[in-house]
Amino acid sequence: MGAEQDQADVERVLSGETSAFEAIVRRWQGPLINLAYRFCRDRGRAEDMAQEAFLRAYRALGGWRKEAAFSTWLIALATNVYRSELRRIPPDALRRAEKIELHDDSAAAKALEDANRAQVVRQAVASLPPKYRDVLVLFYFHEMDVPDTAVSLALPEGTVKARLWRGRELLRRKLMQLSESPAKGESHER
Amino acid sequence: MKDDDLDLLLGSEERILPSSGFVASVMRLVREEAAALPPISFPWKRALPLVGGSILALGWTLVALVAFSVWGLPAAPSAEPLPPAIISAIAIAKSMQVVWIVAALAASAISVKLSNWLAR
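Throughout what follows, the structure given in this document is the object of discussion. Everything numeric here is computed off the predicted structure, so don't read it as measured data.

**A look at unusual backbone geometry**
Residues and elements named next belong to chain A. In this structure, Glu 143 is a non-glycine residue whose phi angle is positive, near 50°. For Glu 143, the position within the fold is in the loop between helix 8 (130-141) and helix 9 (146-153). Take Glu 143: there are 9 C-beta atoms within 10 Å of it, and that puts it in the exposed class. With a phi close to 60°, Met 144 is a non-glycine residue in the positive phi region. Within the fold, Met 144 resides in the loop between helix 8 and helix 9. Since 13 C-beta atoms lie within 10 Å of it, Met 144 is described here as partly exposed.

**Examining the nonpolar core**
All names here are of chain A. Leu 32, Ala 36 and Val 125 are the most contacted members of the largest nonpolar core, which has 50 residues in total. Here this core takes 11 residues from helix 2 (residues 21-40), the largest share from any one element. For this core, the domains that each give at least three residues are domain 1 (2-88) and domain 2 (93-189). Here Ala 36 is in contact with Ala 46, Met 49, Ala 50 and Tyr 82, once residues within four sequence places are set aside.

**Remarks on helix 4 (residues 70-88) of chain A**
All names here are of chain A. Along its 19 residues, helix 4 runs 27 Å from first to last C-alpha, staying within 8% of the 27 Å computed at 1.5 Å per residue. Within helix 4 the residues assigned to the buried category are Phe 70, Trp 73, Leu 74, Ile 75, Ala 78, Thr 79, Val 81, Tyr 82 and Leu 86. For helix 4, the elements touching its buried residues are helix 1 (2-14), helix 2, helix 3 (43-60), helix 8 and helix 9.

**What about the interface of chain A and chain B?**
Contact with chain A, which involves 29 residues of that partner, is made by 23 residues of chain B. Examining the composition of the side of chain A that touches chain B, we find that 10 residues originate from one element, helix 2 of chain A, more than from any other. Split into classes, the residues belonging to the side of chain A that touches chain B amount to 15 nonpolar, 5 polar and 9 charged.

**Some remarks on the packing of helix 1 of chain A against helix 2 of chain A**
Residue and element names in this part refer to chain A. Helix 2 packs onto helix 1 with a crossing angle of 145° between their chain directions and a minimal axis gap of 8 Å. The handedness of the crossing between helix 1 and helix 2 comes out as left-handed. For the pair helix 1 and helix 2, the contacting residues are Gly 2, Asp 6, Asp 9 and Val 13 in the first and Phe 21, Ala 23, Ile 24 and Arg 27 in the second. Tallied by class, residues from the contact of helix 1 with helix 2 come to 4 nonpolar, 1 polar and 3 charged.

**A look at the packing of helix 7 (residues 117-126) of chain A against helix 10 (residues 157-179) of chain A**
All names here are of chain A. Running from N to C, helix 7 and helix 10 point in directions that differ by 125°, and their axes come no closer than 10 Å. As judged from the angle between their axes, helix 7 and helix 10 are oblique. Here the hand of the crossing between helix 7 and helix 10 comes out right-handed. Mapping the contact onto sequence places Val 120, Val 121, Ala 124 and Val 125 in helix 7 and Leu 171, Lys 174, Leu 175 and Leu 178 in helix 10. When the residues that make up the contact of helix 7 with helix 10 are grouped by side-chain class, the tally is 7 nonpolar, no polar and 1 charged.

What counts and how
Residues numbered from 1 in each chain as written. Chains lettered and ligands numbered in written order. Predicted model: local features only at pLDDT ≥ 70, side-chain atom pairs only at ≥ 80, totals over all residues. Helix = DSSP H or I, 4+ residues; strand = E, 2+ residues; numbered from the N terminus. Buried ≥ 20, exposed ≤ 12 C-beta atoms within 10 Å, placed from the backbone. Core = buried A, V, L, I, M, F, W, Y, C linked by C-beta atoms within 7 Å. Domains from an automatic or database assignment. Contact = placed C-beta atoms within 7 Å. Expected span 1.5 Å × (residues − 1). Nonpolar A, V, L, I, M, F, W, Y, C, P; charged D, E, K, R; others polar. Axes fitted to C-alpha atoms, helices over the stretch in contact; angles between N-to-C directions. Left-handed = near helix turned anticlockwise from the far one by under 90°. Parallel < 35°, antiparallel > 145°, perpendicular 65-115°, else oblique.

Written out as structure tokens, the structure reads:
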């Protein structure tokens, strides 16, 4: 039903009815903003990035060949926009993760044990090298679906699996460093 | 930390809600985009004869260069010697590389004229 609505709205937009794009924005604003948020961890910036993605989608609407679902095309386009945007202005996730490690030692130790644990893990993901970060972000966004992740990133499935494995290894190391930080931090402060 | 733990932590992502003005702000930009004039396309119809002519001229020059390099320049017909004033003017022009200056000026003038004509 959603796919049919998407197609009908796209056809209306392409025939000159600009207002039909509003239905597309309403339907996809949640996923696109949430995907952007997973990349940048900043609500305001996530909306700006999603806005840019919608604008690019509007411009490129005629290029959707209907071989893939509209959702696949839109998510791939948005992913491309977000990655370019993050290359232009990198997120400050690394800086925040470093802050925890160096200045807020007790918080880092506790964060790995209580509810903040997930947040620390997400910040660690955001501080990974882009090629591993992107695969991890998209993999969990697509509810752990490798083929969808591969399509969104325009990568072969084998590459996605390899980067997923390597990304998780890097993530584990980073988290271990964070959990060991109190001792380091104490010696650092002395 | 095991893969399952990571899956659980990263899979249970918090959902953020779009702000109330998000759709309106996107649609404002989209309407501005729709109202903007489309970019001027390159006037291929006008440019095509010139492009064709340029390719022909280039081809002819290449053929002439090859011919000259193989058979040499045709012998100059015997002519009356030029008056000394003209000979000295040619010598001065040669020393100042006037030919190249004139050629460069002509090329600039042609490109300016051509751009103006194509943009019209």
